[in-house]
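# An overview of the molecular structure
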Amino acid sequence: QLNDPGSIQNFGARLEVQQPLLNYDAVYQRKAARAKADALKLKMERSGEYATLELEKAYMQLQMAYKAEHMFNEAKKTALANLKLLTDYYNNGMLQKSELLNMQVRVAEIDNQIQYAGSNIRNASDYINFLLNHSDSNQVLKPADSLAHEKVAGVTTTLNPGRKDFAAYSKSLEAYNNMATAARKKILPRLNAFGSYEFNDKKMTAFRGEGYMVGLQASWNIFDGYKNKGNIAQAKAEYQQAAEEFNHYKLQSQLELNKTLRQLRDAENKIALTKLAWEQTQEAYRIRKNR
């Protein structure tokens, strides 16, 4: 009987709970995870702002293309009138043929510019349809209002520190810093609590023979070769790399802002110069018309 015992059936069910009490590295890992989640949220918001800006720019390009087309059509009317006048002068022997040819070239140039403006209208419409996820549409859009020049006032020359992309970089740096701290805290001892409740019975559907166990588990890995040291060095290097990327991004953003401000000043000066040229042309046309 001892050498050949009969079979014994035993079914066990166990409910176990584990609760960490002092895990310093896990605390900073959770902080790093929260910071990464906040950074991703800020990046998504910044992407939305960028998409809105791209749509506004595309709409202004569409407005400008329609205004250019209208301007060239008006210029063509004037050029055709001048061409008729010069043709009459040439037929009466009052004008050299070279001057007539120059006007004919001018009319051809205006026709080319009208075609170019039409292409810009088509391109701007396609880009807006793309931004609105209507890329399969071939519809040519028309703006509800016309483009008007407004002098920009109160332009700042410094970057806004509250920008969503800057805040996202700051959150990423916070996450890298917490990961570096977690790597340093990993060498500290850990304390975890555990508990279990068990049932044992010959039948699968019966739950008798209860037993429980609770306790604390303290562990301290006092020697892990150079693994922890390597993890700490890697975490520090990742933090420093992220900090350098953030500084580079801010410098690049400042350069782009300075470039845009210079372009804005150049555009304002060009507008003023064009306005003077327009007034001079009007006066010259008035004198020529009186003569």
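Residues numbered from 1 in each chain as written. Predicted model: local features only at pLDDT ≥ 70, side-chain atom pairs only at ≥ 80, totals over all residues. Heavy atoms only, no water.

### What to know about the pattern of salt bridges
Just so we agree on the cut-off: Definition used for salt bridges: Asp or Glu carboxyl oxygen within 4 Å of a side-chain nitrogen of Lys or Arg. Helix numbering and strand numbering both begin at the N terminus, where a helix is a DSSP run of H or I of at least 4 residues and a strand a DSSP run of E of at least 2. Under the scheme applied here, a residue whose accessible area is under 20% of the maximum for its type counts as buried, over 50% as exposed, and between as partly exposed, the area being computed with a 1.4 Å probe on protein chains only.
As enumerated under the stated definition, the model contains 17 salt bridges in all. For Asp-38, the salt bridge is made with Lys-171, and the minimal N-O distance between the two is 3.8 Å. Of this pair, Asp-38 sits in helix H1 (residues 24–91) while Lys-171 sits in helix H3 (residues 164–185), placing them 133 residues apart in sequence. Since its relative accessible area comes to 34%, Asp-38 is described here as partly exposed. For Lys-171, a relative accessible area of 26% corresponds to the partly exposed category. One salt bridge in this structure joins Asp-165 and Arg-163, with 2.5 Å as the shortest N-O distance. Of the two residues, Asp-165 and Arg-163, neither departs from the other in class, the shared state being buried.

### Describing H3
Put simply, the test is: What a helix is expected to span follows from its residue count: subtract one and scale by 1.5 Å. Throughout, a residue-residue contact means that at least one pair of heavy atoms, one from each residue, lies within 4.5 Å.
For H3, spanning 22 residues, the distance from its first C-alpha to its last is 31 Å, which sits close to the expected 32 Å at 1.5 Å a residue. Along H3, the residues that are buried comprise Asp-165, Phe-166, Ala-168, Ser-172, Leu-173, Ala-175, Asn-178, Ala-180, Thr-181, Ala-182 and Ala-183. Summarising the contacts, the buried residues of H3 are in contact with H1 and helix H4 (227–290).

### Quick look at the packing of H3 against H4
The cut-off we apply is this: Only the contacting stretch of a helix is used when fitting its axis, a line to C-alpha atoms as for every element, and angles between N-to-C directions run 0 to 180 degrees. Each angle receives one of four descriptions, namely roughly parallel if under 35 degrees, roughly antiparallel if over 145, roughly perpendicular if within 65 to 115, and oblique otherwise. Two helices crossing with the near one rotated counterclockwise from the far one by less than a right angle form a left-handed crossing, whereas a clockwise rotation gives a right-handed crossing. As a working rule, the residues Ala, Val, Leu, Ile, Met, Phe, Trp, Tyr, Cys and Pro are called nonpolar, Asp, Glu, Lys and Arg charged, and the rest polar, with Gly in that last group.
Contact geometry for H3 and H4: axes closest at 8 Å, N-to-C directions at 165 degrees. Comparing their axes, H4 and H3 come out roughly antiparallel. Relative to H4, the crossing made by H3 is left-handed. Facing Asp-165, Phe-166, Tyr-169, Ser-170, Leu-173, Tyr-176, Asn-177, Met-179, Ala-180, Ala-183 and Arg-184 of H3, the residues of H4 in contact are Asn-231, Ile-232, Ala-235, Lys-236, Glu-238, Tyr-239, Ala-242, Ala-243, Phe-246, Tyr-249, Lys-250 and Ser-253. Tallied by class, the residues present in the contact of H3 with H4 amount to 14 nonpolar, four polar and five charged.

### What to know about the environment of Lys-202
Locating Lys-202 in the fold gives a position in the loop between strand E2 (190–201) and strand E3 (211–219). The class of Lys-202 is exposed, set by a relative accessible area of 63%. Here the alpha-carbon distance between Lys-202 and Phe-11, two residues 191 residues apart in the chain, equals 6.0 Å. With near-sequence residues (within four places) excluded, Lys-202 lies in contact with Gln-9 and Phe-11.

### A word on the side chain of Arg-163
Here Arg-163 shows up in the loop between helix H2 (97–131) and H3. Given a relative accessible area of 18%, Arg-163 falls into the buried group. Leaving out residues up to four positions away in the same chain, Arg-163 has contacts with Arg-46, Tyr-249 and Ser-253.

### Some remarks on the layout of surface pockets
Definition in use: Points on a 1 Å grid, built from protein atoms alone, make a cavity when a 1.4 Å probe fits but cannot get out and make a pocket when they are open with protein on both sides within 12 Å along at least 5 of 7 lines; residues with an atom within 4 Å of a point are the lining residues. Grid points are joined across faces, edges and corners, and a volume is the space filled by probe spheres set on the points.
Looking at the second largest pocket, its volume works out to about 220 Å³. Contributing to the lining of the second largest pocket are Gln-29, Lys-36, Tyr-176, Met-179, Ala-182, Ala-183, Lys-186, Asn-228, Asn-231, Gln-234, Ala-235 and Glu-238. Sorting the residues of the lining of the second largest pocket by element identifies H1, H3 and H4 as the ones contributing at least two each. When the residues that make up the lining of the second largest pocket are grouped by side-chain class, the tally is five nonpolar, four polar and three charged.

Remember, this is a structural readout, not a statement about activity or role.
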